[in-house]
Amino acid sequence: MKPLAISALGIIAGLTSMTLQAADVEIKDQYARAVPAVSTNSAAFLTISNKGKEDVKLVSADSDIADRVEIHGHKHEGNMMRMFKLEDINLPAGKTEALKSGGNHIMLMGLKKPMKAGDKIDITLHFSDGDAVDVNVPVKDLSDQTKDTAHGSMNDGKMDHSKMDHSSMDHSKMGH
Ligand SMILES: [Cu+2]
């Protein structure tokens with residue numbers, strides 16, 4: 001019976017790894033924010049294209065690097081930018097959704113080790129159709145990206161995003 005059990009396990013393992021690549025989404029331009037060693041939080045950004053014919057949602061994410069991973073959005077409240085937890089992100093068929101600095105992002109909370117520029121972290125994205133996609137994400141120093149043209153297109157072009165360090169934001173006041 002033993003050899004049979006082992007081969008059955010092999011089939012299950014094979015199916016699982018197939019499932020990880022089955023989602024009809026393409027992940028591009030992924031990067032995560034390098035943070036000082038004392039920081040307990042960081043964020044990751046990426047572009048998701050839904051190549052399928054069905055709408056799907058990004059419903060959750062996880063990573064070995066953090067205790068908790070949440071999908072976050074940003075909203076303006078007066079002069080403040082506040083982060084809040086999103087239940088999911090809609091990915092209509094054929095459309096591309098960019099998660100970028102100052103917008104929706106993958107929040108990494110309770111970092112288990114420092115995230116320095118040049119490191120790579122693994123994040124698994126979970127979709128509403130049950131699929132999961134593993135993404136290898138390079139960690140980058142974003143502190144010198146104040147001239148980032150993506151920010152220039154925002155209404156408040158004068159806002160200094162470099163000071164909007166997620167790591168110093170107090171999530172305990174965010175009702176988590
Ligand atoms: Cu956040």
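A.B. asks: I'd like to hear about the overall build of the protein, residue by residue, with values.
C.D. replies: Secondary structure assignment for the protein yields two helices and ten strands. A buried classification covers 22% of the 176 residues belonging to the protein. The long-range fraction of contacts in the protein, counting pairs at least 24 apart against all pairs at least 6 apart in sequence, stands at 69%.

A.B. asks: Requested: an account of the nonpolar core, with residues and values cited.
C.D. replies: Within the largest apolar cluster, 30 residues are counted, with the highest numbers of intra-cluster contacts made by Ala 44, Ile 106 and Leu 108. Residue assignment for this core shows that the elements contributing at least two residues are strand S1 (25–33), strand S2 (41–50), strand S3 (56–63), strand S4 (66–77), strand S8 (105–111), strand S9 (120–127) and strand S10 (132–140). Sorting elements by how many residues they give to this core places S2 first, with five residues. Those residues in contact with Leu 108 that lie beyond four places of it in its chain are Asn 41, Ser 42, Ala 43, Ala 44, Ser 63, Ile 65, Ala 66 and Val 69.

A.B. asks: Summarise the confidence of the model for the protein; cite the residues concerned and give the values.
C.D. replies: Across the protein, pLDDT averages 80, with 69% of residues at or above 70. Per-element mean pLDDT across the protein ranges from 41 in helix H2 (residues 149–152) up to 98 in S9. Considering only residues more than four positions removed or in separate chains, one finds that residues 16–21, a stretch of pLDDT under 50, has five contacts. Within the model, pLDDT remains below 50 along residues 172–176, and this stretch shows four contacts once partners closer than five positions in the same chain are excluded.

A.B. asks: Residues and numbers for the pairing of S1, please.
C.D. replies: Examined bridge by bridge, S1 and S2 share six bridges and lie antiparallel to one another. Looking at S2, one finds that Ile 27 is bridged to Ile 48. Here S1 pairs with S10 via two bridges, running parallel. For Ala 32, the partnering residue across the bridge sits in S10 and is Val 139.

A.B. asks: Which residues make up the environment of Gln 30, and what values go with them?
C.D. replies: Mapped onto the fold, Gln 30 is located in strand S1. Residues Gln 30 and Val 137 lie 107 residues apart in sequence; the distance between their C-alpha atoms is 5.6 Å. Excluding anything up to four places from it in sequence, Gln 30 contacts Ala 44, Leu 46, Val 135 and Val 137.

A.B. asks: How would you summarise the environment of Lys 113 if you had to cite specific residues and measurements?
C.D. replies: Tracing the backbone shows Lys 113 in the loop between S8 and S9. Separated by 75 residues in sequence, Lys 113 and Val 38 have C-alpha atoms that sit 9.6 Å apart.

Conventions we followed
- Residues numbered from 1 in each chain as written.
- Predicted model: local features only at pLDDT ≥ 70, side-chain atom pairs only at ≥ 80, totals over all residues.
- Helix = DSSP H or I, 4+ residues; strand = E, 2+ residues; numbered from the N terminus.
- Buried ≥ 20, exposed ≤ 12 C-beta atoms within 10 Å, placed from the backbone.
- Contact = placed C-beta atoms within 7 Å.
- Core = buried A, V, L, I, M, F, W, Y, C linked by C-beta atoms within 7 Å.
- pLDDT = per-residue confidence, 0-100.
- Pairing = 2+ DSSP bridges.

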